[in-house]
Amino acid sequence: MPNISNRAQHMPPSPVRKLVPYALKAKQQGIKVYHLNIGQPDIETPETALNALKNIDLKVLEYALSEGNIEYRRALTDYYHTLGFSDLTPDNFIVTNGGSEALNFAISTLCDDGDEVIIPEPYYANYNGFTSTFNVHVVAVPSTIDTGFALPPIEEFEKKITEKTRAIVICNPGNPTGYLYTREELQKLAEIALKYDIVVISDEVYREYVYDGKQQISMLDFPELSENCIIIDSESKRYSMCGVRIGCMLTRSKKIHDAAMLFAQARLSPVLLGQIAATAAHQNDGAYIRAVREEYTHRRNVLVDLLNAIPGVICPKPRGAFYCVAELPVDDTEKFAQWLLEKYSLNKETIMVAPAGGFYSDPELGKKQVRIAYVLKEEDLKRSAEILKQALKKYREEFSL
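Per chain, residues are indexed from 1 in the order of the written sequence. With pLDDT at 70 or above as the cut-off, local features in this predicted model cover only qualifying residues; side-chain atom pairs require 80 or more to be listed or tallied, and sums for whole chains, interfaces and linings still use all residues. Note: side-chain values were computed over all heavy atoms of the structure, leaving out hydrogens and water.

Novice: Looking at this structure, how should I read the packing of aromatic side chains?
Specialist: Here a ring pair, both rings aromatic, is described through the centre-centre distance and the interplanar angle of the planes. For this analysis, a ring pair means two rings from Phe, Tyr or Trp (six-membered ring only for Trp) whose centres lie within 6.5 Å, classed as stacked if their planes differ by under 30 degrees, edge-to-face if by over 60, and tilted for the remaining angles. All told, the structure shown has 17 aromatic pairs when counted by the stated rule. The interplanar angle of 80° and the centroid separation of 5.0 Å between the aromatic rings of Tyr 79 and Tyr 80 together place this pair among those described as edge-to-face. With respect to burial, Tyr 79 and Tyr 80 carry one shared label: buried. Here the aromatic cluster, defined as three or more aromatic residues joined through ring pairs, consists of Tyr 206, Tyr 209, Tyr 296, Phe 322 and Tyr 323. In this arrangement the basic side chain of Lys 335 is found over the ring face of Phe 399, its NZ or CZ atom lying 4.0 Å from the centre. Type-normalised accessible area, obtained with a 1.4 Å probe on protein chains alone, sets the label of each residue: buried when under 20%, exposed when over 50%, and partly exposed for intermediate values. To sit over a ring, a charge needs its Lys NZ or Arg CZ within 6 Å of the ring centre and within 35 degrees of the ring normal.

Rendered as structure tokens:
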């Protein structure tokens, strides 16, 4: 038998997808599973994007430019101009195969083996995968549910900085918590990045979906970070088009951009068809974004209120994205999530949640928490909350909690 690399053996499993075999088995047994575990919206993709794919008039589906085709980079530039960043040009963008590849480019551009990136936790679980691939170490700074997962004190970040620190990675608004960073919090991060000459990698793929009259503050709002900032963006959640795999890495730093382009050239090109769809999606998209934001606001309000009405459940109300982290009155949410799929149903229905341990560097910190995505319609969220309520009662009785 061939050897498997240490890199592969140490690759962390996805907390979102590792329970899929149990869900598939439940479905085979006639159980309906409500998927609260994954950020796959049920919102329809913009018609302009779908029509662009249906009406493609090409004789050859050729390679795209390594940096992305100019039509799409112009669409991105126009989009960022509407956000107030009029200094940006198509040359600031590298189009990527989803936000995931943009993160890979950023980390591989900044870090060598054994280097470190600091991330407030809980954080998007695949940050572990991206860093592990390049033998880069995550240094976590814990946030807590009692503050709604606000940015930890900046002094905690400074304590973690070493000669191997290359970047601070944030997600704003956050996955998995839905936390929306304030300008004051981001200003502190900007100051510490400049003080130690490290880079802030800001994952802003949920930018559009913020609530309660708030606005997302981008790290681009801090021009002093022109050489010390990378923005990660994606069309997946903005336009409910996860399958097109189109995102981008954006920086004002020519030095960083030119280095990242070497990785872009090595992987040849981003998806051509995805760029065609994404370019079309950006046309006259204001009404679409407003309608989707209103829908997510409603879903958030319905779900979070129902969760907090369940005895023993604690769930801060998120200000952005479409996730929340809830603390449950159980001994271990990994065990509970599997039990939901293997052992429990309410009238032949159950739910699938993502245990939050996988969103922490130390899984014990998330042992009693789950991430829930409110990407289902209202009636399904209500039903899911009822299933959770009854399941918790049964689980606690069964295990004498």
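Novice: Could you clarify how one ought to interpret the pairing of strand E2 (residues 93-96) in this entry?
Specialist: Looking along a regular strand, one sees side chains alternate from face to face of the sheet. Every helix listed is a DSSP run of H or I at least four residues long, and every strand listed is a run of E at least two residues long, numbered separately from the N terminus. Of the two faces of E2, the one carrying Phe 93 and Val 95 and the one carrying Ile 94 and Thr 96 are both buried. Two strands pair under a simple rule: DSSP has to find at least two bridges between them. As defined by bridge partners, E2 adjoins strand E8 (residues 247-250) across four bridges and the pair is classed as antiparallel. Within E8, the position partnered with Thr 96 by the bridge is Gly 247.

Novice: Mind showing me how you'd approach the packing of helix H3 (residues 47-54) against helix H10 (residues 272-281) here?
Specialist: Helix packing for two helices is described by the angle between their axes and how far apart those axes are. Here the axes come from fitting lines to C-alpha atoms, over the contacting stretch only for helices, and the angles between their N-to-C directions go from 0 to 180 degrees. Running from amino to carboxyl end, H3 crosses H10 at an angle of 140°, the nearest separation of the two axes being 7 Å. Between H3 and H10, the angle is such that the two are oblique. Crossing handedness for the pair H3 and H10: right-handed. Residues Thr 48, Ala 49, Ala 52 and Leu 53 of H3 touch H10, and the partners they reach there are Leu 273, Ile 276, Ala 277, Ala 280 and Ala 281. Across the contact of H3 with H10, the residue classes break down as eight nonpolar, one polar and no charged. Orientation categories follow fixed angle ranges, with anything under 35 degrees roughly parallel, anything over 145 roughly antiparallel, 65 to 115 roughly perpendicular, and all other angles oblique. Handedness of a helix crossing follows the sense of rotation of the near helix relative to the far helix, less than a right angle counterclockwise being left-handed and clockwise being right-handed. Throughout, a residue-residue contact means that at least one pair of heavy atoms, one from each residue, lies within 4.5 Å. Each residue gets one of three labels, nonpolar for Ala, Val, Leu, Ile, Met, Phe, Trp, Tyr, Cys and Pro, charged for Asp, Glu, Lys and Arg, and polar for the others, Gly among them.

Novice: Sorry, what's going on with the pattern of salt bridges here?
Specialist: The salt bridge criterion pairs a side-chain nitrogen of Lys or Arg with a carboxyl oxygen of Asp or Glu, the two atoms within 4 Å. For the structure on display, the rule yields 21 salt bridges. With a closest N to O distance of 2.8 Å, Asp 87 and Arg 252 form a salt bridge. Highlighted residues: Asp 87 in the loop between helix H4 (70-82) and E2 and Arg 252 in the loop between E8 and helix H9 (254-266), separated in sequence by 165 residues. Put simply, Lys 195 and Glu 158 hold a salt bridge, and the shortest N to O gap is 2.6 Å.

Novice: How do you make sense of the domain arrangement of the protein chain when you look at a structure like this?
Specialist: It is common to give the size of an interface as the accessible area that goes away when the parts come together. Examined at the domain level, the protein chain breaks down into domain 1 (6-44 + 287-399) and domain 2 (47-284). Domain boundaries shown here were taken from an automatic or database domain assignment. Put simply, the middle of domain 1 and the middle of domain 2, counted by C-alpha atoms, are 26 Å apart. Between domain 1 and domain 2, the contact holds 37 residues from the first and 33 residues from the second. Defined in terms of a 1.4 Å probe, buried area is the accessible area two parts forfeit on being brought together, summed over both. A combined buried area of about 3100 Å² lies between domain 1 and domain 2, and 60% of that area is made up of carbon and sulfur atoms.

Novice: Would you explain the sheet that holds strand E12 (residues 369-373) in this entry?
Specialist: Within a sheet, neighbouring strands are paired by backbone hydrogen bonds and run either parallel or antiparallel to one another. What the three strands build is an open sheet, ordered E9-E12-E11; its pairing is antiparallel. Each end of this open sheet is capped by a strand with a single partner; those strands are strand E9 (323-327) and strand E11 (354-355). Here E9 pairs with E12 via five bridges, running antiparallel. Bridge pairing in E12 links Cys 324 to Ile 372.

Novice: Sorry if this is basic, but what is going on with the layout of surface pockets here?
Specialist: In this approach the atoms are scanned with a rolling probe the size of a water molecule, which exposes any empty space left behind. Note on definitions: the grid is 1 Å and covers protein atoms alone; a cavity is a set of points where a 1.4 Å probe fits but cannot get out; a pocket is an open set with protein on both sides within 12 Å along at least five of seven lines; lining residues have an atom within 4 Å of a point. Grid points are joined across faces, edges and corners, and a volume is the space filled by probe spheres set on the points. Taken as a whole, the largest pocket spans an internal volume of roughly 480 Å³. What lines the largest pocket is a set of 25 residues, and nearest its centre among them are Arg 17, Ser 100, Tyr 124, Tyr 206 and Lys 237. Counting only elements with at least two residues in the lining of the largest pocket, the list comes to helix H5 (98-110), helix H6 (126-133) and strand E7 (229-234). The element contributing the most residues to the lining of the largest pocket is H5, with three residues. A per-class count over the lining of the largest pocket returns 11 nonpolar, nine polar and five charged. Among the domains, domain 1 (6-44 + 287-399) and domain 2 (47-284) are the pair contributing at least three residues each to the lining of the largest pocket.

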